[in-house]
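Descriptive structure summary
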Amino acid sequence: NLLRAYLRIDTSNPPGRERAGALFLKEALERAGVPVELYEPAPGRTSVYARLRGTTREPGLLLHHHVDVVPAEPAGWEAPPFAAQIVRGNVLVGRGAVDCKGLGIAMLEAFLAVKAAGPPRRDLVFLATADEETGGALGVEAVRKARPAWLAGIGEAIGEGGDVETVVDRARWFGVEVQQKGAIWLRLEASGAGGHGASADASEPAVRIARAVAAVAALRQEPRVEPVVAAEMAALSRLRPSPLRELLADLPAALARDPAAALGGLTPWQRLAVTDSVEVTRLGTDSPVVNARPRTAWAELDARLLPSTDPRAFLARIRSAISDPKVRVTELLSASGDAASPQSGLFDVIRSALERRYPGARVGPALGLGLSENRRLRAMGIRTYGLTPFRLNYYDAAGIHGVNERLRTDWFEEGVETLGAIVREAAGARGTAAP
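First, a word on what this report is: a plain description of the structure on this page. Everything numeric in this text was worked out from a predicted model, so none of it was measured. (Residues numbered from 1 in each chain as written. Predicted model: local features only at pLDDT ≥ 70, side-chain atom pairs only at ≥ 80, totals over all residues. Heavy atoms only, no water.)

Moving on, we come to the packing of helix H12 (residues 346–357) against helix H15 (residues 409–427). For the pair H12 and H15, the least separation of the axes is 9 Å and the interaxial angle reads 140°. Taken together, the axes of H12 and H15 are oblique relative to one another. As for how H12 packs across H15, the hand of that crossing is right-handed. Counted together, Leu346, Val349, Ile350, Ala353, Leu354, Arg356 and Arg357 of H12 and Glu414, Glu417, Thr418, Ile422, Glu425 and Ala426 of H15 form the full contact between these two elements. (Axes fitted to C-alpha atoms, helices over the stretch in contact; angles between N-to-C directions. Helix = DSSP H or I, 4+ residues; strand = E, 2+ residues; numbered from the N terminus. Parallel < 35°, antiparallel > 145°, perpendicular 65-115°, else oblique. Left-handed = near helix turned anticlockwise from the far one by under 90°. Contact = heavy atoms within 4.5 Å.)

Shown next as C-alpha cells:
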C-alpha cells in the first residue's frame with residue numbers, strides 16, 4: 001500500500017535525500033488529477049505542494065508533514081528499518097511509520113478524498129517539506145521565503161505532534177498540540193597545545209569542557225506552569241487515581257504550596273512540561289589515543305525552554321554558569337517558544353471527531369516538548385494543531401527516533417478514517433455540514 005511504499009524510500013536526514021520521497025507523493029497526487037509543484041532550495045532537498053481551491057474566500061486549511069526521517073542503523077531492529085515489513089500479523093515496522101510518514105499518508109488520503117468529493121468550502125493545501133529533522137531551514141522556512149504563494153490565504157493547519165495514551169488497546173487520551181517549547185542548541189569548545197599524555201598542558205581543554213558541562217548540569221531549573229500545561233494536566237487528572245488526580249487538577253497551586261513534593265509526584269515528561277531543561281547530547285576531544293593530550297575538546301547541549309522563557313536570558317545564564325572565557329559558546333540553533341493556538345475552531349472539530357471515534361477518551365490541549373515545523377507556521381499567524389490520529393501505546397511511542405519504530409496496521413487504517421473525517425468537516429467538503 002501507499003504507506004509501505006513510502007517507508008521503503010530512505011529519506012534519512014542527515015544527509016537529507018528527500019527528493020525520491022517527494023516524487024513519490026507527486027506521482028500519487030498527479031494520478032488523481034491534482035496539479036503539483038516542487039521546490040528545491042538545495043539539490044535533493046525537495047518539498048511538495050498541492051492546493052484544492054475552495055468555493056469561498058474563507059481562510060484555507062493546511063495539511064503539513066515532513067518527508068525526511070532520522071537515520072536508522074539496522075542493529076536492534078526486528079525488521080530492516082527501510083523494508084516496511086509487517087511482523088506478528090499486523091505490526092508495520094519502519095523508520096518514519098510514526099514520525100511522520102504515517103501521518104503524511106493519512107493526510108494524502110484525506111486530501112484525495114476531498115478532491116474526489118468536489119470543491120471544498122475553503123482552500124485545502126497539502127504540503128510535504130524537507131529538513132524538519134535538522135531544524136527546518138530548508139523546509140517551511142525556505143518555502144516561506146521563496147514560495148510565499150504556497151502559504152497564502154491559510155488560516156489553520158494540522159501538523160505532526162500531540163500525544164496519545166492507549167492502555168490495553170483502549171484509547172484514553174489525545175493531547176492536541178497547541179504550543180511548543182523553545183530550544184537552544186549549543187556547542188562548547190576549548191583549545192590547548194596538545195602533546196604527550198605525560199606532559200604538562202596548563203590550558204587543559206578537556207578539563208575546561210568537563211567543568212563547563214558540570215556547571216551547566218548543576219543549574220537549578222525552577223518549575224513554572226504555562227496556561228496550556230495547566231489545562232492539559234487538569235484534563236489528564238480525570239484519568240488518574242488519587243492523589244495524582246488532585247495534584248494534576250490544580251498543578252499551579254500544588255507547586256506553589258510545596259514545589260519539591262509536587263515535582264516528585266510528576267512523571268518525567270510531566271516535569272519537562274513545567275521546567276526548562278538542558279541535556280548534554282555529545283562530548284569529545286580530538287585526541288586519537290589515550291596517551292595524547294587533546295588540542296580541542298568540545299560538548300554539545302540541547303536546551304528546551306518553556307514558552308515564557310527568554311532564550312537570550314537563558315543563554316546568558318548558561319554563560320554565567322560556565323564562567324570561563326576560554327570556553328567558546330556557539331549557538332547551533334535558537335528557537336523561541338511559540339504563542340498558543342486557540343482552543344476553538346479547528347481544535348473543536350478535532351476534539352469532536354476524536355470523542356465520537358473513541359467514546360470515553362479525553363481530548364485536551366498539549367504543550368509540545370520537541371521542535372517541529374508547527375512553530376514556524378504559528379509564527380506566520382496560522383493556527384496550528386499537532387495531531388496524532390492513531391492509537392499508540394507506550395512501546396509504539398518509544399520507537400520514535402529509536403529502534404523498531406512501528407504502527408499497527410489496523411490502528412493506521414482507523415487513523416486514516418479519523419483524520420479523513422476531521423479534514424472533510426474542517427474543509428467543508430461536500431456531504432459534510434459546516435463546522
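Having seen the structure, we can now continue with the description.
Let us look at the packing of aromatic side chains. Two numbers describe a pair of aromatic rings. These are the distance of the centres and the angle of the planes. Considering all chains together, one arrives at 8 aromatic pairs under this definition. On the numbers, 4.8 Å between centres and 5° between planes, the contact of tyrosine 49 with tryptophan 150 is stacked. Here the residue tyrosine 49 occupies a position in strand S2 (residues 47–52), and tryptophan 150 occupies one in the loop between helix H4 (140–146) and strand S7 (154–159), the gap between them amounting to 101 residues. Comparing tyrosine 49 with tryptophan 150 shows no difference in burial state: the two are buried. (Phe/Tyr/Trp six-rings, centres within 6.5 Å; stacked < 30°, edge-to-face > 60°. Buried < 20%, exposed > 50% of the residue type's maximum accessible area, 1.4 Å probe, protein only.)

This part is about the sheet that holds strand S15 (residues 328–335). What the 4 strands build is an open sheet, ordered S12-S14-S10-S15; its pairing is antiparallel. Since the sheet does not close on itself, it has two edges, and those belong to strand S12 (277–285) and S15, each with one partner. When strand polarity is set aside, the average angle formed by the axes of neighbouring strands in this sheet is 15°. In this structure, S12 lies alongside strand S14 (residues 296–305), joined through 8 bridges in antiparallel fashion. By the bridge assignment, valine 278 is partnered in S14 with alanine 303. Running at roughly 155° to strand S10 (residues 182–191), helix H5 (residues 205–217) makes contact with S10, S12 and S14 of the sheet. Seen against the sheet, helix H11 (residues 311–322) touches S10, S12, S14 and S15 and runs at an angle of roughly 155° to S15. (Pairing = 2+ DSSP bridges.)

One key point about sheets: their strands pair by backbone hydrogen bonds, in either a parallel or an antiparallel sense. Ordered by their spatial adjacency, 3 strands build an open sheet running S4-S5-S18, and the pairing between neighbours is antiparallel. With one partner strand each, in any of the chains shown, strand S4 (85–87) and strand S18 (406–408) form the two edges of the open sheet. Each strand axis lies, on average, 30° off the axis of its neighbour in the sheet, ignoring direction. As judged from the 3 bridges shared by S4 and strand S5 (residues 91–93), these two strands associate in the antiparallel manner. Bridging from a neighbouring strand, isoleucine 86 pairs with leucine 92 of S5.

Such coordinate-based values are descriptive only and should not be taken to indicate function.
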